[in-house]
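What follows is the residue order along each chain.
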Amino acid sequence: MDDTDRALLTLLQDDAGQAYAALGKAVGLSTAAAHERVRKLRERGVVRRTTVEVDPRSLGLGVLAFVMVESSAWMGDSAEAFAAIPEIEEAHIIAGSASVLVKVRTATTEQLQDVLRRLYAIDGVSGTQATVALETFFERPPSPTS
């Protein structure tokens, strides 16, 4: 990946709906060359998908929690069980006293409690520790220029 690819990625992260002509102009390429570069980034899996970022609060999802999931067994084969809980936005196998870290969004703390109950239903889960975020300073995607 060269500097032009990184510049294209930065522009796409800012607004994935930009026309190829605008992308090309910003990085000194023709429309066709910008389109080809982006196509190759997709083919190589660098660009995994194009999506829209929605404000969770506008959907009534004002409770954000990070939950450490403790287990009595290896949880590496449990991805589908975690993915089956729609309120879980992310799930990560981690090192440390817990086995899995999940990011959960709900409308209420009662709904969060229900998610915690459903986590306990996953085979091997022996405990949870939830931390509720009071305020989010920022969230950002990875920088292609780092």
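Throughout what follows, the structure given in this document is the object of discussion.

Analysis parameters
Residues numbered from 1 in each chain as written. Predicted model: local features only at pLDDT ≥ 70, side-chain atom pairs only at ≥ 80, totals over all residues. Heavy atoms only, no water. Helix = DSSP H or I, 4+ residues; strand = E, 2+ residues; numbered from the N terminus. Rg over C-alpha atoms; globule rule 2.2 N^0.38 Å. Buried < 20%, exposed > 50% of the residue type's maximum accessible area, 1.4 Å probe, protein only. Contact = heavy atoms within 4.5 Å. Areas by Shrake-Rupley, 256 points an atom, 1.4 Å probe, with all protein chains shown as cover. Lys, Arg positive; Asp, Glu negative; His and termini not counted. Charge placed at Lys NZ, Arg CZ, Asp CG, Glu CD. Core = buried A, V, L, I, M, F, W, Y, C linked by side-chain atoms within 4.5 Å. Pairing = 2+ DSSP bridges. Patch = residues over 30% accessible without salt bridge, like charges linked within 9 Å, V, L, I, M, F, W, Y side chains within 5 Å. Salt bridge = Lys/Arg side-chain N within 4 Å of Asp/Glu carboxyl O.

The subject of this paragraph is the overall build of the protein. A count of helical and extended segments in the protein gives 5 helices and 4 strands. Seen in sequence order, the protein has helices and strands lined up from the N terminus as α-α-α-β-α-β-β-α-β. In terms of overall dimensions, the protein is more spread out than a globule: its C-alpha atoms have a radius of gyration of 20 Å, far above the 15 Å expected for 146 residues. Along the three orthogonal principal directions, the C-alpha set of the protein runs to about 55 × 35 × 25 Å. Looking at the 146 residues of the protein, the share that counts as buried comes to 27%. When contacts within the protein are restricted to residue pairs at least 6 apart in sequence, those whose partners lie at least 24 apart make up 63%. Approximately 9,800 Å² of the protein is accessible, and the part contributed by carbon and sulfur atoms is 52%. Mean positive and mean negative side-chain charge positions of the protein (15 and 20 charges, respectively) differ by 7 Å.

The topology assignment puts Gly 127 in strand β4 (residues 125–133). It is 4.8 Å that separates the C-alpha atoms of Gly 127 and Glu 70, two residues lying 57 residues apart in sequence. Beyond its immediate stretch of four places on either side in the chain, Gly 127 contacts Met 68, Val 69, Glu 70 and Tyr 120.

What follows is about the nonpolar core. In this structure, Val 67, Val 69, Phe 82, Val 102 and Leu 119 are the most contacted members of the largest nonpolar core, which totals 17 residues. Breaking this core down by element, the ones donating at least two residues are β1 (63–71), β3 (100–106) and α5 (109–120). Beyond its immediate stretch of four places on either side in the chain, Leu 119 contacts Val 67, Val 69, Phe 82, Ile 85, Ile 88, Val 102, Val 125 and Thr 128. Core analysis: the second largest hydrophobic core is formed by 6 residues, Leu 8, Leu 23, Val 27 and Ala 34 among them.

This next bit is on the pairing of β3. In terms of residue burial, β3 counts as a mostly covered element, since 6 of its 7 residues are buried. Strand direction decides the pairing type here: β1 and β3, joined by 7 bridges, are antiparallel. The residue of β3 that forms the bridge with Val 67 is Val 102. The pairing of strand β2 (residues 88–93) with β3 spans 5 bridges and is classified as antiparallel. Note on β3: the bridge partner recorded for Ile 93 is Val 100.

Attention now moves to a nonpolar patch on the surface. Judged by side-chain polarity, Val 52, Val 54 and Leu 59 come together as a nonpolar surface patch covering roughly 310 Å² of accessible area. Tracing the backbone through its elements, the reader meets Val 54 in the loop between α3 (31–43) and β1. Accessibility expressed as a relative area gives 45% for Val 54, which makes it partly exposed.

Note that Val 52 resides in the loop between α3 and β1. Classification of Val 52 as exposed rests on a relative accessible area of 67%.

Bringing the pattern of salt bridges into the picture now. Taken as a whole and assessed by the stated rule, the structure comprises 12 salt bridges. For Arg 39, the salt bridge is made with Glu 43, and the minimal N-O distance between the two is 2.2 Å. Highlighted residues: Arg 39 and Glu 43, both in helix α3, separated by 4 residues, approximately one helical turn. With relative accessibility at 30%, the residue Arg 39 sits in the partly exposed group. Glu 89 is the salt-bridge partner of Lys 103, the closest N and O atoms lying 3.8 Å from each other. With a gap of 14 residues between them, Lys 103 in strand β3 and Glu 89 in strand β2 connect regions that are remote in the sequence. Classification of Glu 89 as partly exposed rests on a relative accessible area of 42%. Through salt bridges with shared partners, one network takes in Glu 89, Glu 90, Lys 103, Arg 105 and Glu 139.

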